[in-house]
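Given next are the chains, with one letter for each unit.
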Amino acid sequence: MSASLRHDLLDIFVGRATRRYGLSNVNQLQHALQAATLAEADGASPATVLASLLHDIGHMIHGLGDNPAGRGVDDVHEELGARWLAQHFGPEVSEPVRLHVAAKRYLCAVESDYFGKLASDSVRSLQLQGGLMSANEVEAFQRHPQQAEAVRLRRYDEAAKDPRATTPDFDHFLRHIEACRIQ
Ligand code: FE
């Protein structure tokens, strides 16, 4: 594994991720570890486990301070994060990350009970992110090659807000890095 990539990820996730995750009672690092743990337990591919671990990296590199959604600002973290990840990993990691917000808007549109299951921070950011998808947006989303993995990631994301969950540490998941790196 590249020592510098591991160092950068640890700096971002362990060094900066003690800020709270939105309005919930877990911090960014716990949220990342829980999402990856859920992906692993669900038998997801190494790329999706890694994407789940790193899906909110954009929240930690935007320089907009804590909880911009609380101030009515969309940090567009899915685009920022996907661009960062695409420098190091293939599309099977970066694209589900790019699409994980779209996947929330998608699930709200196609599953009648999904909106009701969202945490309050997800509801608040949903409005900033454009609300439910239109029928045209749903169709376009379904044509994306990574849409199924983005939906999986999105379900792990939403469930990864348990203040009592225990997880393996960050390095446990970094063993997937080599398999997913751009050569
Ligand atoms: Fe998240």
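Residues numbered from 1 in each chain as written. Predicted model: local features only at pLDDT ≥ 70, side-chain atom pairs only at ≥ 80, totals over all residues. Heavy atoms only, no water.

Novice: Go over the environment of G43, please, and point to the residues and values.
Specialist: Looking at the element boundaries, G43 is found in the loop between α2 (28–41) and α3 (46–54). Spatially, the C-alpha atom of G43 lies 16 Å from that of L174, the residues being 131 residues apart in sequence. (Helix = DSSP H or I, 4+ residues; strand = E, 2+ residues; numbered from the N terminus.)

Novice: Account for the environment of D171, naming residues and giving values.
Specialist: Inspection of the secondary structure assignment puts D171 in helix α12 (residues 170–174). Residues D171 and R98, 73 residues apart in the sequence, show an inter-C-alpha distance of 23 Å.

Novice: Describe α3, listing the residues and the values that go with them.
Specialist: With eight of nine residues buried, α3 lies mostly within the body of the structure. Within the span of α3, buried status applies to A47, T48, V49, L50, A51, S52, L53 and L54. (Buried < 20%, exposed > 50% of the residue type's maximum accessible area, 1.4 Å probe, protein only.)

Novice: Break down the packing of aromatic side chains for me, with residues and values.
Specialist: Evaluated as defined, the whole model comprises two aromatic pairs. Relative to F141, the ring of Y106 lies with its centre 4.6 Å away and its plane at 35°, an arrangement referred to as tilted. Highlighted residues: Y106 in helix α7 (residues 100–110) and F141 in helix α10 (residues 135–142), separated in sequence by 35 residues. Residue classification places Y106 among the buried positions, given a relative accessible area of 10%. Classification of F141 as buried rests on a relative accessible area of 4%. (Phe/Tyr/Trp six-rings, centres within 6.5 Å; stacked < 30°, edge-to-face > 60°.)

Novice: Can you explain unusual backbone geometry? Please cite residues and give values.
Specialist: Outside of glycine, negative phi angles account for most residues, and trans bonds account for most peptide bonds. Here V76, not a glycine, exhibits a phi torsion of approximately 50°, which is positive. Within the secondary structure, V76 is located in the loop between α4 (57–60) and α5 (77–86).

Novice: So what's going on with the nonpolar core? Which residues, and what values?
Specialist: Among the nonpolar cores identified, the biggest contains 30 residues, and L9, F13, L53, L54, F89 and F170 are the most heavily contacted of them. If you tally residues by element for this core, the top one is α3, at six residues. Among all residues touching F170, those that are not within four sequence positions of it are L9, L10, F13, L29, L33, L53 and L54. Ranked by size, the runner-up nonpolar core spans 14 residues in total, among them L99, Y106, L107 and L126. (Core = buried A, V, L, I, M, F, W, Y, C linked by side-chain atoms within 4.5 Å. Contact = heavy atoms within 4.5 Å.)

Novice: Run through the pattern of salt bridges, naming residues and quoting values.
Specialist: One side chain can pair with another of opposite charge once the charged atoms of both are near each other. Per the stated rule, a full pass over the model turns up 14 salt bridges. Where E40 meets R175, a salt bridge forms, and the shortest distance between an N and an O atom there is 3.0 Å. Taken together, the residues span a long stretch of sequence, with E40 in helix α2 and R175 in the loop between α12 and α13 (177–180) at a distance of 135 residues. Residue R175 is classed as partly exposed on the basis of its relative accessible area, which comes to 48%. The shortest N-O distance in the salt bridge between D157 and R154 comes to 3.1 Å. (Salt bridge = Lys/Arg side-chain N within 4 Å of Asp/Glu carboxyl O.)

Novice: Requested: an account of the packing of α3 against helix α11 (residues 147–159), with residues and values cited.
Specialist: The geometry of α3 relative to α11 is characterised by a closest axis approach of 10 Å and an angle of 45° between their N-to-C directions. When the interaxial angle is binned, α3 and α11 end up oblique. Here α3 and α11 pass one another in a crossing that is right-handed. The residues of α11 that touch α3, namely those facing T48, A51 and S52, are E149, L153 and Y156. Grouping the constituent residues of the contact of α3 with α11 by class yields three nonpolar, two polar and one charged. (Axes fitted to C-alpha atoms, helices over the stretch in contact; angles between N-to-C directions. Parallel < 35°, antiparallel > 145°, perpendicular 65-115°, else oblique. Left-handed = near helix turned anticlockwise from the far one by under 90°. Nonpolar A, V, L, I, M, F, W, Y, C, P; charged D, E, K, R; others polar.)

So yeah, pure geometry; function would need other evidence.
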